[in-house]
Structures are given as C-alpha cells and as structure tokens.
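Chain by chain, the residues:
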Amino acid sequence: MFSKSRLTCVLFLCFVTRTIAQFDMSSNKNLAVYWGQNSYGAVNPSDPANWQQPISYYCNDAVINTLPIAFLDEFYSTGNLPAINLANTCTSPLFPGTNLLNCSFLASDIEYCQAAGKIVTMSLGGATGSAGFTNDTEAAAYAQIIWDLFLGGSSTTRPFGSAVLDGIDMDIEGGTQTGFVSFLSALRALMDGGSKPYYITAAPQCPYPDSYIGTTLNEFGFDAVYVQFYNNYCGLTNYNNPNAWDFSTWDNWAKTVSPNPNVKVYIGAPGSSSAAGSGYVSPSTFTPIIQQTMAEYSSFGGVMLWDASQAYANGRYDVSVKDALLGSTFTPPTTTTITTTTTSTTTTTKAAPTTTTTTVSVTTTSTTSSASPTTTSGTISCTGVAAWQSGVAYVGGDEVTYSGDLWTAKWWSENDVPGGVSGDWANDGVCV
C-alpha cells in the first residue's frame with residue numbers, strides 16, 4: 001500500500017512518484033539534527049538497540065530538515081587529506097595512503113535523504129577536532145579539497161562516493177581562526193558555480209562573541225548559525241534569566257553585524273538529558289521557548305539538536321520540537337511532486353518517505369538533577385598549572401588547581417567553582 005504514491009512497473013522499468021517537501025533556508029520552522037557520532041551509544045553502551053542507525057533511518061518522515069554529518073575532525077591527516085569520524089557507522093576501510101575512511105556505501109542513504117527534500121552537510125571540527133590553517137593561501141587551497149571530496153567536484157577518494165553533499169558546517173571549538181574567511185570565500189565561489197544550491201552554516205557557543213569562530217562570523221556571510229544554548233551559562237535552563245539567556249544578542253548580530261542580513265539563527269539544544277552536560281529541557285518547557293522566540297525575533301530559523309540518536313531514544317524528542325515549530329501536532333509541510341525513474345533487474349525494498357498525516361504521541365518525564373563532578377583518585381603533578389580564578393572563561397581541556405587538586409574543564413566554564421554543582425570540572429587527583 002502506498003499513500004499519495006504510485007508505483008508502476010513494466011518490464012523492470014519502474015516509475016515512482018513521491019510527494020516531498022523542498023528545503024527552504026528562509027523558513028523559521030526548520031529542524032537541523034546532527035548525525036554521525038552515536039552520542040546515545042557513547043553514554044549507553046549496554047543499550048545497542050537505540051544506538052545510531054544509518055542516516056537514511058532518520059529520513060523516513062518530514063520531521064528533520066537538515067542533517068549535518070559529524071565530523072570531519074582533522075583538516076590535514078595522512079596523505080595531506082582530511083580524516084572523518086563516524087563512530088559506529090563507518091570504521092573501515094581507508095583509502096590507500098590516507099587516513100580517510102571510504103564510506104561510499106552511505107551514498108545511497110544520503111541520496112535517499114536528499115530525495116526526501118532534506119539537505120545533508122559535512123560538519124568540520126567538533127569538540128575534539130583538529131581544525132585550522134597556517135595562512136590564507138593554504139586555507140583558500142583547502143576549499144578545492146573539500147569541494148572535490150564532498151561537494152560538486154571529483155576525486156578518487158570521495159568518502160561518500162557518488163553522493164554530493166549540500167554544504168558544510170563549521171563546528172569549530174578550538175584553535176585559531178587564521179584563514180577561515182579565505183577558506184569559506186573560496187568555497188563559496190566554487191559553490192556559486194555549482195549545479196545546485198549549497199549552504200554554509202556554523203555552530204558557535206552561545207556566549208557572544210564565540211571565542212573560536214566569532215571573528216569569522218563577523219566577516220563572512222553564513223546562511224545559518226546553530227547556536228549551542230547548552231553546556232554554558234547562557235543555556236536553555238537559564239531562559240528566564242535575562243542576564244544569561246542571550247538570543248537577543250544573536251538576533252542583533254544577525255541584523256547589524258553579519259555580512260548576510262538574512263542569516264538564520266537556530267536554538268541549539270541537547271536531544272536528551274544525556275546529550276550534554278547541561279542545557280536539556282523537557283518538551284513542555286522547550287515548546288513555549290521555541291514559540292516565544294519565533295514570535296519575537298525575525299532572525300529565528302528553527303532548532304538544532306545534538307544528536308539524532310539521543311533524540312530518537314528520548315521518545316522522539318525531535319517530534320515534540322517539530323510540533324512546537326509548526327504550532328501544532330506535526331503534519332507535513334506544503335509539498336511539491338517530483339518523479340524519479342529507476343531501472344533495475346533486481347528487487348529491493350526500502351521504506352519511502354511518507355507524507356501521510358500522522359499524530360505522534362510523545363510521553364516525557366521531567367527530571368531535575370545536579371551534575372556531579374567527575375573524580376579520578378590518586379595523586380598527580382600540578383607543576384606549572386595556574387590556580388582557578390573567578391571571572392576567567394575556561395574552555396574544555398583547560399587545567400587549573402583548586403583546593404589542592406588538579407581539575408580539567410569539561411566544556412566552557414566561567415565562575416563555576418571546581419567541584420561545584422554545575423559539574424563543569426573533572427577532578428584529576430590530588431596535587432603533589
């Protein structure tokens with residue numbers, strides 16, 4: 001049985017007519033969900049049934065609009081080519097003479113998502129990524145590498161084979177910004193000469209300006225920014241604190257600073273309580289935040305979630321977000337009809353994206369808890385490590401001493417005492 005679809009096969013020539021929604025960057029109802037890192041599986045190793053699935057699994061309905069693939073985590077690895085990390089989905093083989101995974105089996109999955117009206121992009125960086133350039137010349141040349149490996153160019157080492165991704169995402173959480181504008185400008189020039197629309201997004205932290213990509217945001221016209229309103233003092237849990245919640249600051253940036261006056265600002269959120277150290281809110285709390293922000297700020301473009309595995313395991317948290325964006329129980333948006341032709345002598349079956357109106361019931365339980373600091377027993381040398389200071393902004397990986405112990409920041413932190421209820425710091429042991 002096919003709803004709003006017609007399947008006619010004559011002498012192995014099959015004409016499939018599907019009703020799909022076209023991606024619209026100007027919309028304020030878009031949902032971007034990261035895929036690739038199996039975040040749920042990383043914190044729930046004993047529950048493999050809910051681990052990350054192939055990317056096409058998340059394209060069987062119209063809930064998600066954008067799927068950034070996480071991550072290209074090394075700009076330059078063996079053979080002077082990048083390296084990608086897709087957790088449990090693709091671990092081998094490597095292209096000979098490189099550290100670049102050959103995940104060409106994902107080509108059909110990516111194309112399936114694109115045929116369903118979604119865009120699929122490559123996210124560069126990540127929390128532990130090695131991203132950066134030494135100068136503008138190197139950076140501009142790197143645009144051709146990305147174009148050839150993932151976008152509209154050609155190469156014998158394309159990680160996703162024939163699939164042509166729809167753009168890139170800059171999730172830069174360390175290093176310097178040297179060359180970023182040159183890289184992105186050169187890449188945009190290649191995109192402008194391409195045969196389809198391409199998009200460039202970024203995922204800054206909510207403290208403004210972002211330490212690692214803030215200058216680049218001010219000098220290059222991004223299409224959208226997925227602001228991470230979690231793991232920070234300005235996170236969603238502080239929405240009612242006007243001294244913390246700063247979407248208005250990002251809205252002002254979009255309208256008065258960004259070179260692209262039409263840039264869209266997304267609320268980035270964890271897909272479940274285990275997806276981030278802080279910032280998760282229940283659907284009943286998040287819904288009015290989404291709708292009030294949408295009503296108040298014209299730059300609002302939608303919501304970003306980290307990540308697909310977390311949202312799906314959390315009772316389809318993505319559905320509750322889409323409900324909030326659409327203002328009611330989820331139903332598919334306005335659609336257009338396209339026809340694709342497939343010739344085959346074998347029979348294969350894959351669930352097709354459907355536009356049948358469906359009411360999804362999501363049951364949620366709200367739990368309030370305080371994060372506990374991670375503790376490692378034993379003693380350790382603290383030579384050369386500075387003492388923790390209030391008023392200093394620390395980022396993930398920074399080390400300090402406090403109360404005779406060595407502490408390492410888990411993420412961005414300011415004025416949160418090591419060992420405090422925020423859980424920002426991991427205790428590495430007693431200083432000797």
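Residues numbered from 1 in each chain as written. Predicted model: local features only at pLDDT ≥ 70, side-chain atom pairs only at ≥ 80, totals over all residues. Heavy atoms only, no water.

A. Representation of the state of the cysteines. Under the defined criterion, the tally for this structure stands at 4 disulfides. There is a disulfide in this structure between C382 and C431, and the S-S distance comes to 1.9 Å. The sign of the -85° torsion about the S-S bond sets the C382-C431 disulfide as left-handed. Taken together, the residues C382 in the loop between β14 (379–380) and β15 (393–394) and C431 in strand β19 (residues 425–431) connect sequence positions 49 residues apart. Since its relative accessible area comes to 11%, C382 is described here as buried. Here the disulfide map of the chain reads 1-4, 2-3, 5-6, 7-8, the bonded cysteines being numbered as they appear in the sequence. (Disulfide = S-S within 2.5 Å. Helix = DSSP H or I, 4+ residues; strand = E, 2+ residues; numbered from the N terminus. Buried < 20%, exposed > 50% of the residue type's maximum accessible area, 1.4 Å probe, protein only.)

B. Here's a closer look at the pattern of salt bridges. This structure, assessed with the given rule, holds 5 salt bridges. A salt bridge links D61 to R316; the nearest nitrogen and oxygen atoms lie 3.1 Å apart. Of the two residues, D61 is situated in the loop between α1 (39–43) and β4 (66–74) and R316 in the loop between α8 (308–313) and α9 (317–326); the sequence distance between them amounts to 255 residues. Accessibility expressed as a relative area gives 19% for R316, which makes it buried. Note that R188 is salt-bridged to D223, the shortest N-O span being 3.2 Å. (Salt bridge = Lys/Arg side-chain N within 4 Å of Asp/Glu carboxyl O.)

C. Representation of the packing of aromatic side chains within the structure. Per the counting criterion, the structure on display carries 30 aromatic pairs. When the ring of F229 is compared with that of W245, the centres are 4.5 Å apart and the planes differ by 35°; the resulting orientation is tilted. Residue F229 is found in the loop between β9 (224–228) and α6 (247–256), and its partner W245 is found in the loop between β9 and α6; the two are separated by 16 residues along the sequence. Like W245, F229 is buried. For the ring pair F247 and Y297, a centre distance of 5.2 Å and an interplane angle of 45° mean the geometry is tilted. Here Y297 lies in the loop between α7 (283–296) and β11 (300–306) and F247 lies in helix α6, a separation of 50 residues in the sequence. The exposure class of F247 is buried, given its relative accessible area of 0%. (Phe/Tyr/Trp six-rings, centres within 6.5 Å; stacked < 30°, edge-to-face > 60°.)

D. Spotlight on the side chain of D210. Along the chain, D210 falls in the loop between β8 (199–202) and α5 (214–219). It turns out D210 is buried and unbridged, and the closest side chain with the opposite charge, R188, is 17 Å from it. Apart from residues lying up to four places away in sequence, D210 is in contact with I172, P204 and Q205. (Lys, Arg positive; Asp, Glu negative; His and termini not counted. Contact = heavy atoms within 4.5 Å.)

E. How the structure looks around the pairing of strand β10 (residues 264–270). Of all 7 residues that make up β10, 7 are buried, and the element is covered over most of its length. Here β10 shows a buried face lined by K264, Y266, G268 and P270 and a second buried face lined by V265, I267 and A269. Two elements, β9 and β10, share 5 bridges in a ladder whose sense is parallel. Paired with Y226 across the bridge in β10 is Y266. After leaving β9, the chain enters α6 and then returns to the sheet as β10, a path that is right-handed. Here β10 runs beside β11; their pairing, made up of 6 bridges, is parallel. Opposite G268, over in β11, you have M304 as the bridge partner. For the segment spanning β10, α7 and β11, crossover handedness is right-handed. (Pairing = 2+ DSSP bridges. Right-handed = clockwise from strand over helix to strand, strands pointing away.)

F. Summary view of the environment of S130. Tracing the backbone shows S130 in the loop between β6 (119–126) and α3 (136–150). Between the C-alpha atoms of S130 and E173, which are 43 residues apart in sequence, the distance is 9.3 Å. Residues within four places of S130 in sequence aside, it is in contact with D73, E74 and F75.

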